[in-house]
Amino acid sequence: MGRAEERRARQRGGRRAAPKNRSSRATAPASRSESVATAEETTTRAASGGRAAARRSAKQGGKGATGEKGRIRRLFTWKKMLGTFLGICLLGIGAFVALYLTTPIPDTANADAQLQSNVYKYSDGTLLTRDGKLNRENVDLADVPKAVQRTFVAAENKTFYNDAGVDLKGTARGMLNTLMGKGAQGGSTITQQYVKNYYLTQEQTVTRKLKELVISLKLDREKSKDYILAGYINTSYYGRGAYGIQAAAQAYYRVDADKLTVEQGAYLAALLQAPSQYDWAVASDTGKTLVQRRWNYVLNNMVEEGWLDKAKRDAMKFPVPKEPKAVPGQEGQVGYLMNAANSELERQLVAQGIAESAKEAEAMVGAGGWNITLNIDKKKQKALEQSVKEQLTSKLDKKKRPVDGDVQAGAVSVNPKTGAVVAMYGGVNYVEHYTNNATRTDYQPASTFKPVILAAALDQGAETQDGDEITANTLYDGTSKRPVVGSDIGFAPENEDDVDYGDVTVQTAMNKSINSVFAQMGVDVGMDKVLKTASDLGMDTEDLKAVPAQTLGTMGASPLQMAGVYATLDNHGKKVTPTLIKSVENSRHAVEPAEPIGDQVISREAADSVTSVLTGVVDDGTAKKSVRDNPLRKGQKVAGKTGTSDDNKSAWFTAYTPDLVTSVGLFGESAKAPHPQVSLTGATTGLTGDAGRVNGGGFPAQIWAAYTFGVSTKVTKFDLETDQGAAVQPSVTPSASPSQSQEPSEEPSTEAPTTSAPPRTQTPTQEPTTEEPSEEPTTEEPSEEPTTEDPSTEEPENPLDPQLGP
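Summarised in this report is the structure supplied together with it. The structure displayed is predicted, hence computed values, not measured ones.

1. Topic: the overall build of the protein chain
Turning to step 1, where the next piece is worked out: On a plain count of helices and strands, the protein chain comes out with 27 helices and 15 strands.
Turning to step 2, where the next piece is worked out: The buried share of the protein chain, reckoned over its 806 residues, is 52%.
Turning to step 3, where the next piece is worked out: Here the protein chain has roughly 36,200 Å² of accessible surface; of this, 52% comes from carbon and sulfur atoms.

2. Focus: the packing of helix α5 (residues 146–156) against helix α11 (residues 262–271)
Turning to step 1, where the next piece is worked out: Between α5 and α11, the least distance of the axes is 8 Å, while the angle of their chain directions is 35°. Where α5 crosses over α11, the handedness of that crossing is right-handed. Contacts between α5 and α11 involve Ala147, Val148, Thr151, Phe152, Ala155 and Glu156 from the first element and Val262, Gly265, Ala266, Leu268 and Ala269 from the second.

3. Things to note about the packing of α5 against helix α9 (residues 225–235)
If you want to describe how two helices pack, look at the angle between their axes and the distance between the axes.
Turning to step 1, where the next piece is worked out: One can describe the packing of α5 onto α9 by two numbers: an axis separation of 11 Å at closest approach and a directional angle of 80°. Put simply, α5 runs roughly perpendicular to α9. Only Asp226, Leu229, Tyr232 and Ile233 of α9 make contact with α5, whose side of the interface consists of Lys146, Gln149, Phe152, Val153 and Glu156.
Turning to step 2, where the next piece is worked out: Taken together, the residues of the contact of α5 with α9 sort by class into five nonpolar, one polar and three charged.

4. Some points on the nonpolar core
Turning to step 1, where the next piece is worked out: Within the largest apolar cluster, 82 residues are counted, with the highest numbers of intra-cluster contacts made by Leu345, Leu349, Leu374, Phe449, Met521 and Met539.
Turning to step 2, where the next piece is worked out: Core analysis: the next-biggest nonpolar cluster, separate from the first, contains 52 residues, Val139, Val144, Ala230 and Tyr267 among them.

5. Structural notes on the side chain of Ser236
Turning to step 1, where the next piece is worked out: As for its placement among the helices and strands, Ser236 is situated in the loop between α9 and β4 (242–243).
Turning to step 2, where the next piece is worked out: Take Ser236: its relative accessible area is 3%, and that puts it in the buried class.
Turning to step 3, where the next piece is worked out: For Ser236, the side chain forms a polar contact with the main-chain oxygen of Tyr232, separated by 2.7 Å.
Turning to step 4, where the next piece is worked out: With residues up to four places along the chain from it excluded, the contact list for Ser236 reads Asn197, Ala242, Tyr243, Gly244 and Leu272.

6. Here we look at the pattern of salt bridges
Turning to step 1, where the next piece is worked out: According to the stated counting rule, one finds 22 salt bridges in the structure shown.
Turning to step 2, where the next piece is worked out: A salt bridge links Asp497 to Arg693; its shortest N-O distance comes to 3.5 Å. Placement of the pair is Asp497 in the loop between β8 (475–477) and β9 (503–505) and Arg693 in the loop between β15 (661–668) and α25 (699–711), with a sequence separation of 196 residues.
Turning to step 3, where the next piece is worked out: Residue classification places Asp497 among the partly exposed positions, given a relative accessible area of 35%.

7. What about helix α20 (residues 515–525)?
Turning to step 1, where the next piece is worked out: For α20, a buried count of eleven out of eleven residues is recorded, marking the element as mostly surrounded by other parts of the structure.
Turning to step 2, where the next piece is worked out: Regarding α20, the residues found buried are Asn515, Ser516, Val517, Phe518, Ala519, Gln520, Met521, Gly522, Val523, Asp524 and Val525.
Turning to step 3, where the next piece is worked out: Elements in contact with the buried residues of α20: α18 (450–460), β8, β9, α19 (506–512) and α21 (527–537).
Turning to step 4, where the next piece is worked out: At the C-terminal side of α20, Gly526 shows a positive phi close to 105°.

8. Points about the pairing of strand β7 (residues 421–425)
Turning to step 1, where the next piece is worked out: Counting buried positions along β7 yields five of five residues, so the element is predominantly enclosed.
Turning to step 2, where the next piece is worked out: For strand β6 (residues 407–414) and β7, the ladder comprises four bridges, and the chain directions are antiparallel. For Ala411, the partnering residue across the bridge sits in β7 and is Tyr425.
Turning to step 3, where the next piece is worked out: Following β6, the chain reverses through six residues before pairing antiparallel with β7; Gly419 in that reversal takes a positive phi of roughly 80°.

9. A word on the sheet that holds strand β13 (residues 639–644)
Turning to step 1, where the next piece is worked out: Taken in spatial order, the five strands of this open sheet run β7-β6-β15-β14-β13, and their pairing is antiparallel. The open sheet has two edge strands with one neighbour each: β7 and β13. When strand polarity is set aside, the average angle formed by the axes of neighbouring strands in this sheet is 5°.
Turning to step 2, where the next piece is worked out: Where strand β14 (residues 650–656) and β15 come together, seven bridges link them in antiparallel fashion. Considered in β15, the bridge of Ala651 is made with Leu666.
Turning to step 3, where the next piece is worked out: Contacting β13 and β14, helix α23 (residues 604–620) crosses the sheet at an angle of about 60° to β13.

10. Structural notes on the packing of aromatic side chains
Turning to step 1, where the next piece is worked out: All chains considered together, the criterion is met by 17 aromatic pairs.
Turning to step 2, where the next piece is worked out: A ring pair is formed by Trp295 and Phe318, whose centres lie 5.5 Å apart and whose planes are at 80°; its orientation type is edge-to-face. You can see Trp295 sitting in helix α13 (residues 285–304) and its partner Phe318 sitting in the loop between α14 (310–314) and α15 (334–351), a full 23 residues away along the chain. The same class applies to Trp295 as to Phe318, namely buried.
Turning to step 3, where the next piece is worked out: Geometrically, the ring pair formed by Trp652 and Phe667 is edge-to-face, given 5.5 Å between the ring centres and 70° between the ring planes. Taken as a pair, Trp652 in strand β14 and Phe667 in strand β15 lie far apart in primary sequence, 15 residues in all.

11. Here's the deal with a nonpolar patch on the surface
Turning to step 1, where the next piece is worked out: On the surface, a cluster of nonpolar side chains totalling about 480 Å² of accessible area is made up of Trp78, Leu82, Phe85 and Leu86.
Turning to step 2, where the next piece is worked out: Here Leu86 lies in helix α4 (residues 78–102).
Turning to step 3, where the next piece is worked out: Under the relative-accessibility criterion, Leu86 is labelled partly exposed at 44%.

12. Looking at the environment of Val591
Turning to step 1, where the next piece is worked out: Within the fold, Val591 resides in the loop between β11 (581–585) and β12 (597–600).
Turning to step 2, where the next piece is worked out: Through-space distance from the C-alpha of Val591 to that of Gln348 is 7.5 Å; in sequence the pair is 243 residues apart.
Turning to step 3, where the next piece is worked out: Val591 has contacts with Leu345, Gln348, Leu349, Gln352, Ile354, Trp370 and Val584, leaving out every residue within four places of it along the chain.

13. As for helix α16 (residues 358–366)
Turning to step 1, where the next piece is worked out: Counted residue by residue, α16 has seven buried out of nine residues, so it is predominantly covered.
Turning to step 2, where the next piece is worked out: Residues of α16 that are buried include every one of Lys359, Glu360, Ala361, Glu362, Ala363, Met364 and Val365, and no others.
Turning to step 3, where the next piece is worked out: Residue Gly368 follows α16 closely and has a positive phi angle near 95°.

14. A look at the sheet that holds strand β5 (residues 371–374)
Turning to step 1, where the next piece is worked out: Read across the sheet, four strands follow the order β2-β1-β5-β11 without closing on themselves; strand pairing throughout is mixed. The sheet is open, and its two edges are formed by β2 (127–131) and β11, each paired on a single side. Each strand axis lies, on average, 15° off the axis of its neighbour in the sheet, ignoring direction.
Turning to step 2, where the next piece is worked out: Relative to β11, β5 is paired through four bridges, and the arrangement is antiparallel. Looking at the pairing, Leu374 lines up with Ile581 of β11.

15. Brief notes about a negative patch on the surface
Turning to step 1, where the next piece is worked out: Together, Glu463, Asp466, Asp468, Glu469 and Glu605 line one region of the surface with negative charge.
Turning to step 2, where the next piece is worked out: Summarising the element assignment, Asp468 is placed in the loop between α18 and β8.

What counts, and at which threshold
Residues numbered from 1 in each chain as written. Predicted model: local features only at pLDDT ≥ 70, side-chain atom pairs only at ≥ 80, totals over all residues. Heavy atoms only, no water. Helix = DSSP H or I, 4+ residues; strand = E, 2+ residues; numbered from the N terminus. Buried < 20%, exposed > 50% of the residue type's maximum accessible area, 1.4 Å probe, protein only. Areas by Shrake-Rupley, 256 points an atom, 1.4 Å probe, with all protein chains shown as cover. Axes fitted to C-alpha atoms, helices over the stretch in contact; angles between N-to-C directions. Left-handed = near helix turned anticlockwise from the far one by under 90°. Contact = heavy atoms within 4.5 Å. Parallel < 35°, antiparallel > 145°, perpendicular 65-115°, else oblique. Nonpolar A, V, L, I, M, F, W, Y, C, P; charged D, E, K, R; others polar. Core = buried A, V, L, I, M, F, W, Y, C linked by side-chain atoms within 4.5 Å. Polar contact = N/O pair within 3.5 Å; in protein donor to acceptor, adjacent residues only side chain to side chain. Salt bridge = Lys/Arg side-chain N within 4 Å of Asp/Glu carboxyl O. Pairing = 2+ DSSP bridges. Phe/Tyr/Trp six-rings, centres within 6.5 Å; stacked < 30°, edge-to-face > 60°. Patch = residues over 30% accessible without salt bridge, like charges linked within 9 Å, V, L, I, M, F, W, Y side chains within 5 Å. Lys, Arg positive; Asp, Glu negative; His and termini not counted. Charge placed at Lys NZ, Arg CZ, Asp CG, Glu CD.

Below is the structure:
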């Protein structure tokens, strides 16, 4: 061994021995090599010691978190969770067994199944009518053909003859939806529906659903299927005031239950899903489609179950029900008002969760016990009825002109500040014409839709194809049949009488109801946005396609809907939902009054600008003869729009003062069943357009004026926040007056608007009527513009405006 090796051996030995004799190292000097080795060792130990300390620290810190997690794991072990679950299940089973043992089948029917009266009152509390005769007559199941019995099973519960009377999955889903506030989702068996209708109530509570389940199970064990089916078809509500299959057979087909065919039985079975919506006499096109689809569903199920031969089923045709018979005591307008109030109450019951579905709400109202006060003002109601009689029905003579027998009128009057429906005209007589013309939605509103297009344009800040902001003074090409620009769908509407207007302002286009202008404006705004605005204002546009043709008002609408749209404009853009019911009282159900005034749906400036523009229709447009120059007018300020649909099947005038909105519609309906839509042309002895056409500026505007100027005698001014439109005071600059839209409507008027835009921004927001004395003769133009006085006296009617109605 050499010296170097010995030295290394001594060093290794020294390192190993050092811990045992630390004092010797402290006193004996170390060699250089030993010092280096010792330093390296110290460094290594320090590093390893630091890492160990870190590990210990991390371990100690993690031990707290791990300990916490450990406690949670120990608390929620799978054994404990399973035990808890089983315990809850046992408790639930025990509770259900206790409920089953303590819940008997009731001996009598529930209170809602007993006869009570519904009482209807005017707004002042005086009695309108009382409806207390329940149309119900029970029949033995043996008196109902077996095939007809099976239509109800096929419609509602195909497993009826084999099940235990309950649908546990459907019931559980129903209870869950009740707890979550989602309402009904269906799924009940025939047995459960019978128990709910006859023994229990329609309230949405878990307790009621559990009782329904228990009683259904007991009833299925104690009674036969025939007993249950008989109870079901004898207590169900079919619409038209009919409870039970016998009353329904008479109400819809004028036969007794034992004479019903399979086709008729399938219709009655389909009807139970939505009696009002599926009643053929009043159903919309959508409702008719749905009930036919349901009818087919019932028959197809019968074929699947082997209850109906397929060849016979394929040969069956839909059995259109007969016209309904009105109940005595509902003559005149009473029946219309009562049924409209019932429909509104049913919607409130569903909306407030008192009823699970429209079907159940209808049954609840039909069962009676409701004290309903309407918003109908007795004085205004009488005035509206009288106005229709004096201005229209007294002048019709169907013996001289058969088309006169096809004229139907409907009207609704609304307070724009409260949303109250103060008057409603549903038709000549409820016992003669069952359909309420005030609420029907199957006729086109035509050009009364044009203000909605303008409202959308102003509210959205829309621009023309050239990038110009759309205002009352924006120029458009009013050439008839001019193709719209910017649309993927070709559309070139014709103006009334194919008149070419050339370049006109939006104000003039509204006054003259120029189709080509508003078709282009609708595309400029975007038809999807137009329909969105229409929906916000109160129209039903859910299933409409956003196409340019809708600018002509080709959708369906009711006078009630249009009154709401214009009431929202009158209310400065805050949503107004016309409300017929003032208050409701019932011993079993607390119903909150509906809130007719909603949120701001379009800006106030947009709404007020439309109102301002619509004053031009009255002062210098299609309604000037019937309204502006009406001798009954005492200076009332009016904004409104006329409308006449394709083929003259409907004619409208919807207009408002600051305090009252009224929509009047005339509808061509054939007097012969099934009452298709027909033209009104030729039905006239009074004011009409050319060739006997009935325009919105004729009978509808006359009815409106006679009613409104008779009940709204207070002269008030529109409080408008706008700097555009016919109601805006002209600029003090003399040269600006001719540019206003009230100027004569001869051809030169199409050039004037080019100078109207600059002064528009300088005009005050007050109307010109602020300086006009209220006693001013009614035959003069409401505006003080010097340029309009002269033409109005020399030419009462514009030669280019032959009572334009679209």
